[in-house]
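Residue strings, one per chain:
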Amino acid sequence: MRIYVYLPLLLSVIAPLGARPLSERCEPRLATWLLTASALILGTATTISLGLLAITGLTGIPFLAGLGHWSASTARFYDPAEPPVALLAGLLLGGALVTAARMLWRRARFLAAAVWEAACMPAHNGLVIVEDEAPDAYALPGLPGRVVVSTGMLRTLDETEHDILLAHERAHLAAHHYLFVAFAGLGAAANPLLRPLATAVSYTVERWADEQAVRATGDRVRVARAVGKAALAAHGTAPRLSATPLLGILGRRNPLAGAGPVPRRVAALLAPPLARRPELVLATTAVLALTVLSTVAATHDLHAFLEVAGVAHHEHHHLDMDGPHHIALSSR
């Protein structure tokens, strides 16, 4: 456990360094899956590691060890974490749980508000046109979801670009991109070191939707032009159509503040389609496998550690009970 429990913490420092290369060199859909899994698994594993370190520190406190029927002296002898480390782990664990819980609550509220808003919007084929001079467009999750476009945005783009816009927004809804962003954000909430992964997911879902628009229209240059025109038209204007955090072609409604810089997206669209890059997939899979295995091993070692402390407690307890009895027999 002295080694395994720290591996997820170490990997959470190293893994974010690969977020940018993975998001820019790997096919967007696969990159989104890999980055989301990385953020969620590493966030969960580091939270578990902090919990394991905190528990080992608690077992060395006589009062708490007594409540758990463990031997405090045995626990301190085999403890893989020094008391200051266990205390720090406990504080970080508390912060991680509070932050993750707040994030979940906010996301649940936002999603409920989006579903309610979508249900109240009259739509034609899932499209809602709102009278607003500010150019804006976004996908609103719901049952079913809605694509919301302002009249200002429709006037900005020509007829062929309208189809690109709708294909982009419908790709967000069809692939449930808001869930990828939410899960990646949850991992980053539990471990702030993973924020680059969450930011990269916000970018790759936009790239994913861009590529879906390319498939629907068959013209990469035209999609790049539409993305650029929409961004330039909306430059300097604040989104006003909805108070909920959403995904859109402008890439600026994401609360994680990084839904893909437009110049990077345009450059990617003007370049040939990205491949899957098996070496990046293997490297990411290896990191995640090592994270999971080390967490399982550390948890198993903690179980064995508590068993040893429990056996030692029972032995000391029996010795304490038998001592007076033997003294009484010898005095007769």
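To be clear, the structure that these remarks concern was listed above.
Cut-offs used in this document
Residues numbered from 1 in each chain as written. Predicted model: local features only at pLDDT ≥ 70, side-chain atom pairs only at ≥ 80, totals over all residues. Heavy atoms only, no water. Buried < 20%, exposed > 50% of the residue type's maximum accessible area, 1.4 Å probe, protein only. Helix = DSSP H or I, 4+ residues; strand = E, 2+ residues; numbered from the N terminus. Pairing = 2+ DSSP bridges. Phe/Tyr/Trp six-rings, centres within 6.5 Å; stacked < 30°, edge-to-face > 60°. Core = buried A, V, L, I, M, F, W, Y, C linked by side-chain atoms within 4.5 Å. Contact = heavy atoms within 4.5 Å. Axes fitted to C-alpha atoms, helices over the stretch in contact; angles between N-to-C directions. Expected span 1.5 Å × (residues − 1). Polar contact = N/O pair within 3.5 Å; in protein donor to acceptor, adjacent residues only side chain to side chain. Parallel < 35°, antiparallel > 145°, perpendicular 65-115°, else oblique. Left-handed = near helix turned anticlockwise from the far one by under 90°. Nonpolar A, V, L, I, M, F, W, Y, C, P; charged D, E, K, R; others polar.

*Asks:* Mind showing me how you'd approach the pairing of strand β2 (residues 137-140) here?
*Replies:* Residues in a regular strand point their side chains to alternate faces of the sheet. Residues of β2 alternate between two faces, with Ala-137 and Ala-139 on one and Tyr-138 and Leu-140 on the opposite face, all of them buried. Where β2 lies against strand β3 (residues 146-150), 4 bridges are found, and the strand directions are antiparallel. Among the inter-strand pairings, Ala-139 is bridged to a residue of β3, identified as Val-147. The hairpin formed by β2 and β3 contains 5 residues between the paired strands.

*Asks:* Looking at this structure, how should I read the packing of aromatic side chains?
*Replies:* For any pair of aromatic rings, the description rests on two quantities: the centre-to-centre distance and the angle between the ring planes. A full pass over the atoms with the stated rule returns 2 aromatic pairs. A ring pair is formed by Trp-33 and Phe-180, whose centres lie 4.9 Å apart and whose planes are at 85 degrees; its orientation type is edge-to-face. Residue Trp-33 is found in helix α3 (residues 28-58), and its partner Phe-180 is found in helix α9 (residues 177-190); the two are separated by 147 residues along the sequence. By relative accessible area, which is 52% here, Trp-33 ends up exposed. On the accessibility criterion, Phe-180 (9% relative accessible area) is buried. Connected via pairs of aromatic rings, a cluster forms that spans Trp-33, Phe-180 and Trp-208.

*Asks:* Hey, could you run me through the nonpolar core in this one?
*Replies:* Buried together is how nonpolar side chains tend to be arranged in soluble globular proteins. Ranked by internal contacts, the top residues of the largest apolar core, which has 23 residues, are Leu-22, Cys-26, Leu-35, Leu-197 and Val-201. Every residue in contact with Leu-197, bar those within four places of it in the chain, is listed here: Ala-15, Pro-16, Ala-19, Leu-35, Ser-38, Ala-39 and Leu-42. In terms of nonpolar packing, the next biggest core, distinct from the first, is built from 11 residues, Ile-164, Val-214, Val-223 and Ala-224 among them.

*Asks:* Whenever I open this one, the pairing of β3 confuses me. Can you help?
*Replies:* The buried fraction of β3 amounts to 5 of the 5 residues, a majority that puts the element mostly inside the structure. Residue alternation in β3 divides its side chains into two sets, Arg-146, Val-148 and Ser-150 and Val-147 and Val-149, and both sets are buried. Pairing between strand β1 (residues 127-130) and β3: 4 bridges, direction parallel. Opposite Leu-127, over in β3, you have Val-147 as the bridge partner.

*Asks:* I keep staring at the sheet that holds β3 and nothing clicks. Help me out?
*Replies:* Within a beta sheet, neighbouring strands are joined by backbone hydrogen bonds and run either parallel or antiparallel to one another. Spatially, 3 strands are ordered β1-β3-β2 in an open sheet, and the strand pairing comes out mixed. What marks the edges here is a single partner per strand, and that holds for β1 and β2. When the angles between neighbouring strand axes are averaged without regard to direction, this sheet yields 20 degrees. Relative to the sheet, helix α8 (residues 159-174) contacts β1, β2 and β3, its axis offset from that of β2 by approximately 25 degrees.

*Asks:* I tried to follow helix α11 (residues 220-234) on my own but got confused; where do I start?
*Replies:* Think of an α-helix as 3.6 residues a turn; residues three or four steps apart then line up on the same face. The terminal C-alpha atoms of α11, which comprises 15 residues, lie 21 Å apart, in line with the 21 Å expected from a rise of 1.5 Å per residue. Residues of α11 that are buried: Arg-220, Val-223, Ala-224, Ala-226, Val-227, Gly-228, Ala-230 and Ala-234. Its buried side turned inward, α11 meets α7 (151-156), α8, α10 (195-217) and α12 (262-270). The opening residue of α11, the one whose side-chain oxygen lies 3.1 Å from the backbone nitrogen of Val-221, is Asp-219.

*Asks:* Would you mind showing me how to read the packing of α11 against α12 here?
*Replies:* Any two packed helices are characterised by how steeply their axes cross, that is the angle between the axes, and by the distance between the axes. Where α11 meets α12, the closest approach of the two axes is 8 Å, and the angle between their N-to-C directions is 170 degrees. In terms of orientation, α11 and α12 fall into the roughly antiparallel class. In this structure, α11 meets α12 at a crossing whose hand is left-handed. Mapping the contact onto sequence places Arg-220, Val-221, Val-223, Ala-224, Val-227, Gly-228 and Ala-231 in α11 and Val-262, Arg-265, Val-266, Ala-268, Leu-269 and Leu-270 in α12. When its residues are assigned to classes, the contact of α11 with α12 shows 10 nonpolar, 1 polar and 2 charged.

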